[in-house]
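Remarks on the overall topology
The primary structure of each chain is shown beneath.
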Amino acid sequence: VIWDGLQIDVTRRREMAAELEEQRRRVAVAVDATDLGLWEIDVRSGRLDWSATNRALFGLSDNAEITVGRYLELVHPEDRDGVRAAYLAARDDGQAPDLKLDYRIERSNGEIRWLHSRGRIIRDEQGPRRLVGTTLDITERKAAEDGRNLLMGELAHRAKNGIAVVMAIVSQTARGQESVAAFEATLMARLQAMATSQDFVMASGGRPVDLAGLIHQALTAFGLSRFGIDPALEGVTIQGTLAVGMGLLLHELATNATKYGALSATRGSVTLGRQAAPDGRAAFDWVEVGGPPVTAPNRKGFGSRLLEQALRNQGGNVTFAFKTEGFRARAEFPLAS
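Residues numbered from 1 in each chain as written. Predicted model: local features only at pLDDT ≥ 70, side-chain atom pairs only at ≥ 80, totals over all residues. Heavy atoms only, no water.

Describing the overall build of the chain
- Looking only at helices and strands, one finds nine helices and 12 strands in the chain.
- Residues counted as buried form 35% of the 337 residues belonging to the chain.
- Restricting the contact set of the chain to residue pairs at least 6 apart, pairs at least 24 apart contribute 58%.
- When the accessible surface of the chain is summed, it comes to about 19700 Å², and 54% of that surface belongs to carbon and sulfur atoms. (Helix = DSSP H or I, 4+ residues; strand = E, 2+ residues; numbered from the N terminus. Buried < 20%, exposed > 50% of the residue type's maximum accessible area, 1.4 Å probe, protein only. Contact = heavy atoms within 4.5 Å. Areas by Shrake-Rupley, 256 points an atom, 1.4 Å probe, with all protein chains shown as cover.)

Considering the pattern of salt bridges
- Applying the stated criterion to the full structure yields 19 salt bridges.
- In this structure, aspartate 49 engages arginine 47 in a salt bridge whose closest nitrogen and oxygen atoms are separated by 2.6 Å.
- One continuous salt-bridge network, built from bridges that share partners, spans Asp102, Arg141, Lys142 and Glu145. (Salt bridge = Lys/Arg side-chain N within 4 Å of Asp/Glu carboxyl O.)

Notes on the packing of aromatic side chains
- A full pass over the atoms with the stated rule returns eight aromatic pairs.
- Pairwise contacts between aromatic rings join Trp50, Phe58, Tyr71 and Tyr103 into one cluster.
- The positively charged end of lysine 142 is found above the aromatic ring belonging to tryptophan 114, 4.5 Å away from the centroid. (Phe/Tyr/Trp six-rings, centres within 6.5 Å; stacked < 30°, edge-to-face > 60°. Lys NZ or Arg CZ within 6 Å of the ring centre and 35° of its normal.)

Looking at the layout of surface pockets
- Taken as a whole, the second largest pocket spans an internal volume of roughly 280 Å³.
- Along its surface, the second largest pocket is lined by 18 residues, and Ile41, Tyr71, Val83, Tyr87 and Leu131 are the ones closest to its centre.
- Mapped by element, the contributors of at least two residues to the lining of the second largest pocket are strand 1 (37-42), strand 2 (48-50), helix 3 (68-74), helix 4 (80-92), strand 3 (99-106) and strand 5 (127-137).
- Of the residues belonging to the lining of the second largest pocket, the class tally is 14 nonpolar, three polar and one charged. (1 Å grid on protein atoms, 1.4 Å probe; cavity = no way out; pocket = protein on both sides within 12 Å on 5 of 7 lines; lining within 4 Å. Points joined across faces, edges and corners; volume = space filled by probe spheres on them. Nonpolar A, V, L, I, M, F, W, Y, C, P; charged D, E, K, R; others polar.)

Considerations on the sheet that holds strand 7 (residues 227-229)
- Pairing is mixed in the open sheet, where five strands are placed in the order 7-9-10-12-11. Edge positions in the sheet fall to strand 7 and strand 11 (317-323), since each of these pairs with one other strand and no more. In this sheet, adjacent strand axes meet at a mean angle of 15° when their direction is disregarded.
- When strand 9 (residues 269-275) meets strand 10 (residues 281-289), the two strands line up antiparallel, connected through seven bridges. Note on strand 10: the bridge partner recorded for glutamine 275 is alanine 283. (Pairing = 2+ DSSP bridges. Axes fitted to C-alpha atoms, helices over the stretch in contact; angles between N-to-C directions.)

Examining the side chain of arginine 104
- Inspection of the secondary structure puts arginine 104 in strand 3.
- We classify arginine 104 as buried; its relative accessible area is 18%.
- In this view, arginine 104 contacts Leu74, Val75, His76, Glu78, Asp79, Ile112, Arg113 and Trp114; residues no more than four positions away in its chain are not counted.

Here's the deal with the sheet that holds strand 3
- Spatially, five strands are ordered 2-1-5-4-3 in an open sheet, and the strand pairing comes out antiparallel. Looking at the sheet topology across the chains shown, the edges are occupied by strand 2 and strand 3. When strand polarity is set aside, the average angle formed by the axes of neighbouring strands in this sheet is 25°.
- Two elements, strand 1 and strand 2, share three bridges in a ladder whose sense is antiparallel. Bridge pairing in strand 2 links isoleucine 41 to leucine 48.
- Across the sheet, helix 4 is in contact with strand 1, strand 3, strand 4 (112-124) and strand 5; its angle to strand 3 comes to roughly 150°.

Some details on the pairing of strand 4
- Judged from the eight bridges that link them, strand 3 and strand 4 form a sheet pairing that is antiparallel. Pairing of tyrosine 103 across the sheet is with leucine 115, part of strand 4.
- Here strand 3 folds back onto strand 4, and the loop between the two strands holds five residues, one of which, glycine 110, carries a positive phi near 90°.
- Looking at chain direction, strand 4 and strand 5 are connected through 10 bridges and run antiparallel. Of the residues in strand 5, the one forming a bridge with isoleucine 122 is arginine 130.

Comments concerning the packing of helix 7 (residues 211-219) against helix 8 (residues 240-259)
- Where helix 7 contacts helix 8, the axes come no closer than 9 Å and their chain directions differ by 40°. With respect to helix 8, the element helix 7 is oriented oblique. Here helix 7 runs over helix 8; the crossing is right-handed. Contacts between helix 7 and helix 8 involve Leu211, Leu214, Ile215, Ala218 and Leu219 from the former and Ala243, Met246, Gly247, Leu250 and Ala254 from the latter. (Parallel < 35°, antiparallel > 145°, perpendicular 65-115°, else oblique. Left-handed = near helix turned anticlockwise from the far one by under 90°.)

Quick look at the structure:
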């Protein structure tokens, strides 16, 4: 009976060991499926145990020696103090929450990666015994977050510029209008030009905007047959932040040409020709011919004020020349990098 009982006990122990091994195997499979690295620190001896996946996350081979010093060498210099402080808090503060932190590492090949580590202290009657945890590569998530933050900042910047331009449009349009109807018509035309340019920018999907395409879109309403657009402008690209102001400027130049300049005459026309510019920049001239004699205005017009609001902050530059034979403007601006 005793022998039989012993035999039953040994068999049960073997079954329990097999069940435990199977549970460990399942956990290992599940962890591998999530690309989690497993690690363990013996708090009293300082010994580290890392799984193969955890070693791979740090760019280490399976047989590479792992020590606390080696681990901290891999942590980005700017994040080492934070990692050290989080570990000490988890080890020494019995009331501290589980270890949870994001930090950068620098692999031996110079590659920077973002990791997320979680850990929990195991204690016994003598205090902290070991810290056990996992590591997950979050580089792609961090890149997405940075991209989103950059986009939000860009949207805020564009909104601020847009509001400034709209305020300038309303203020300048109100001057010299003889009736509410005239004010409304002029204001709506200018806002529509702004919206059209914005649509063109949005259609680019955030990529640099083709200047020739923007010119064609801005001037279509005025009859493209009366404009000579230099083929050399094809392939010139500008940033979207500059494109909205450029579209407004082209609209204003064309409007003035229709009211007072070359386009007010039957045989008048306008040419837009690319001109030489410093490296990293481009320029074109707006030249009106065949219109009535030109006289310089007594004060700045809307186009000049528009430049100050919409182009100058983006590195743009425009000058006007009121020649008797025809109005001219030269626009110089940075190319999209």
